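For reference, the chains in residue letters:
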Amino acid sequence: MGPPGAEEEGEGEDELLPAMADDDYSAQLSWQSQSKDNLKVLMDNFTPAQYDRFEAYRRHALPKQAVRKVIQQTLGQQVSQPVAQIVAGFAKVFVGEVIERARAVQERRGDVGPLSPDHLREAYRIYQNETGRVGAARPLKGKRLFVR
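All of these numbers come straight from a predicted model, not from anything done at the bench.

1. Some remarks on helix α3 (residues 64–75)
Residues separated by three or four positions in an α-helix point in the same direction, a consequence of the helix having 3.6 residues per turn. Between its first and last C-alpha, α3 extends 16 Å over twelve residues, near the 16 Å set by a 1.5 Å rise per residue. Those residues of α3 lying buried are Val67, Ile71 and Gln72. Buried residues in α3, looked at end-on, bunch into an arc of 135 degrees, giving them a common side. Among the exposed residues of α3, those pointing more than 90 degrees away from its buried face are Gln65, Lys69 and Gln73. Buried residues along α3 sit against α4 (81–109). Gly76 lies just past α3 and shows a positive phi near 75 degrees.

Printed below as a string of structure tokens:
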């Protein structure tokens, strides 16, 4: 047991926590409502082709178990499911950005049809130039992305 004054301080902190939690919860609800409104405005202005691509993007996800396996092989240690979900989310965003740039490359070249590996390689090169180095600080031997 601690000193009698410590017990009183602990009770005072408990009384403050619910009020802070309510404020945080209200702010989070407000932010979520604003996000939904922004998404609705964005989706209302999509062309049919953009809307179809967006729906396909929302429907698909990288398999969490496969992502977890790749992470474990790369790091050489076990990772939790939440970590794999976070990495899968970042990977999905990365893939989306590369595909977006590949579509721009395809349009710039005047090509039609599905994306080709050349479009993806050029998009990845552009992505690297815009964002800096992607991946490990020292690339592993034989581990290069989109290489012929």
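So much for the structure itself; the text now carries on.
2. So, the packing of α3 against α4
In contact at an axis separation of 9 Å, α3 and α4 are set at 100 degrees when each is read in the N-to-C sense. As summarised for this structure, α3 and α4 are arranged roughly perpendicular, according to the angle between their axes. For the pair α3 and α4, the contacting residues are Lys64, Gln65, Val67, Arg68 and Ile71 in the first and Gln81, Ala84, Gln85, Val87 and Ala88 in the second. Classifying every residue of the contact of α3 with α4 gives five nonpolar, three polar and two charged.

3. So, the side chain of Gln72
Checked against the element boundaries, Gln72 lands in helix α3. With residues up to four places along the chain from it excluded, the contact list for Gln72 reads Gln77, Gln78 and Val79.

4. Focus on the nonpolar core
Residues Val67, Ile71, Val79, Ala84 and Ala88 constitute the largest nonpolar core, which totals five residues. Within the residue set of this core, elements represented by two or more residues are α3 and α4. Apart from the residues within four sequence positions on either side, Val67 is in contact with Leu62, Ala84, Val87 and Ala88.

So, how was this worked out
Residues numbered from 1 in each chain as written. Predicted model: local features only at pLDDT ≥ 70, side-chain atom pairs only at ≥ 80, totals over all residues. Heavy atoms only, no water. Helix = DSSP H or I, 4+ residues; strand = E, 2+ residues; numbered from the N terminus. Expected span 1.5 Å × (residues − 1). Buried < 20%, exposed > 50% of the residue type's maximum accessible area, 1.4 Å probe, protein only. Arc of directions from axis to C-beta. Contact = heavy atoms within 4.5 Å. Axes fitted to C-alpha atoms, helices over the stretch in contact; angles between N-to-C directions. Parallel < 35°, antiparallel > 145°, perpendicular 65-115°, else oblique. Nonpolar A, V, L, I, M, F, W, Y, C, P; charged D, E, K, R; others polar. Core = buried A, V, L, I, M, F, W, Y, C linked by side-chain atoms within 4.5 Å.

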